[in-house]
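# Survey of secondary and tertiary structure
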Amino acid sequence: MADRSEVELRAQALETLLIQKGLLTEAGIDDRIALFNERVGPMNGARVVARAWVDAEFKSALLRDATSAIAPYGFVGGQVDKLVVVENTPEVHNVVVCTLCSCYPWAVMGLPPKWYKDPAYRSRVVREPRKVLAEFGLNVPPEREVRVWDSSAEVRYMVLPLMPERLAGVDEDTRIAAIQRDTLIGVAEVQ
Amino acid sequence: MNQTEAPPRELDGITAPPLRNGELDFEAPWQSRVFVMAQALCEAGLYAWSDFQASLILTINSAPVAPDQPYRYYDHFLKALTNLLRQKGVVVEEEVYALALQLGQLEPGHDHHDHDHDHGPHSH
């Protein structure tokens, strides 16, 4: 049986060939995956964030040991063996990358976007995070520190974004719906 | 794409994809990409879904039994899709292997088990 990397390369080769032959487009595949993501219900990470915003005890447990804090949710497997949640504050903005490949906590963040694997994102976000974030439409003021967290096979990171004022006092479903995947990676703020 | 139709398309019995809490369980990005590629090509009219299902059954049934190995559904899924596309004259298997080899040389380091780069925060 082929090992993981070998089969992954064959999948990538097949996709490339089918795109070259004009039978598929990369954007078409991305769109389908995005649609899929929406249809499989709210991302688990959004549920966790929506709760942490209003439950101080849960939030503190989450920041202390995210793996244990989310255990009761039963998001088993899917690369959350060791999850670390990093909190955005008015003083600090966090962003997640995996510089070597594309480690990503599937179980809490859903399907990863294609650009997350892009070598340009992976290298540039470490070197010039403010510039990369600005390209995503997120301008972090100079006085706000930017911290870049490098995921690995052993540790995955998720950002706990700031809750916008408009979400204070709204019900949980509304909060969950407001939390987009990109805010958990740290390339966007919750609007 | 018919957006009212819920994924996955019907695959049951031994062709059923792994689910977790009732949702499709992908272990890696390539698996979700291969999954939606199979749907997209069917909808583009390259084959009937029953053709794909038959190819998947054949692939799973002809795979060597390895009880000590984890079951790799999407390895079978990729092989079934490649075989079907070969039968339909869309791709040549050697072409896929050659390109995979090339991609492997272009992109070292996707295998995550033997790297030693530092992880953790970089502050800016």
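My aim in this report is to walk through the structure given alongside it, one point at a time.

Basis of the calculations
Residues numbered from 1 in each chain as written. Chains lettered and ligands numbered in written order. Predicted model: local features only at pLDDT ≥ 70, side-chain atom pairs only at ≥ 80, totals over all residues. Heavy atoms only, no water. Helix = DSSP H or I, 4+ residues; strand = E, 2+ residues; numbered from the N terminus. Buried < 20%, exposed > 50% of the residue type's maximum accessible area, 1.4 Å probe, protein only. Contact = heavy atoms within 4.5 Å. Areas by Shrake-Rupley, 256 points an atom, 1.4 Å probe, with all protein chains shown as cover. Salt bridge = Lys/Arg side-chain N within 4 Å of Asp/Glu carboxyl O. Phe/Tyr/Trp six-rings, centres within 6.5 Å; stacked < 30°, edge-to-face > 60°. Lys NZ or Arg CZ within 6 Å of the ring centre and 35° of its normal. Core = buried A, V, L, I, M, F, W, Y, C linked by side-chain atoms within 4.5 Å.

The next point concerns the overall build of chain A. What chain A contains, in helices and strands, is 10 helices and four strands. Taken from N to C terminus, the helices and strands of chain A fall in the order α-α-α-α-α-β-β-α-α-α-β-β-α-α. Among the 191 residues that make up chain A, the fraction classed as buried is 50%. Across chain A, every contact between residues at least 6 apart in sequence was considered, and the portion connecting residues at least 24 apart equals 69%. Carbon together with sulfur atoms contributes 52% to the accessible area of chain A, which is approximately 8400 Å² in total.

Residue and element names in this part refer to chain A. All told, the structure shown has 14 salt bridges over all chains when counted by the stated rule. The partner of Glu135 in a salt bridge is Arg124, with the nearest N and O atoms 2.8 Å apart. On the criterion of sequence distance, the pair formed by Glu135 in helix α8 (residues 129-135) and Arg124 in helix α7 (residues 119-127) is long-range, its members being 11 residues apart. Glu135 sits in the exposed class, given a relative accessible area of 51%.

So, on to the packing of aromatic side chains. Considering all chains together, one arrives at 11 aromatic pairs over all chains under this definition. Here the aromatic rings of B:Phe35 and B:Phe77 are separated by 5.5 Å at their centres, their planes lie at 25°, and the arrangement is stacked. Taken as a pair, B:Phe35 in helix α1 (residues 29-43) and B:Phe77 in helix α3 (residues 73-87) lie far apart in primary sequence, 42 residues in all. We note that B:Phe35, like B:Phe77, is buried. Where B:Tyr73 meets B:Tyr74, the ring centres are 4.8 Å apart and the plane angle is 90°; that geometry is what we call edge-to-face. Note on B:Tyr73: relative accessible area 3%, which makes it buried. Clustering of aromatic rings is evident, with ring pairs tying together B:Phe35, B:Tyr47, B:Trp49, B:Phe52, B:Tyr73, B:Tyr74 and B:Phe77. If you follow A:Arg51 out to its NZ or CZ, it ends over the ring of A:Phe58, 4.0 Å from the centre.

Residues A:Leu62, A:Val95, A:Tyr121, A:Val125 and A:Met158 are the most contacted members of the largest nonpolar core, which totals 45 residues. Counting residues per element, this core draws most heavily on helix α3 (residues 44-52) of chain A, at five residues. In this view, A:Val95 contacts A:Tyr121, A:Val125, A:Leu133, A:Val146, A:Arg147, A:Val148, A:Trp149, A:Val159, A:Ile185, A:Gly186 and A:Val187; residues no more than four positions away in its chain are not counted. Of all hydrophobic cores here, the second largest spans 41 residues; its members include A:Ala13, A:Leu14, B:Ala28 and B:Leu81.

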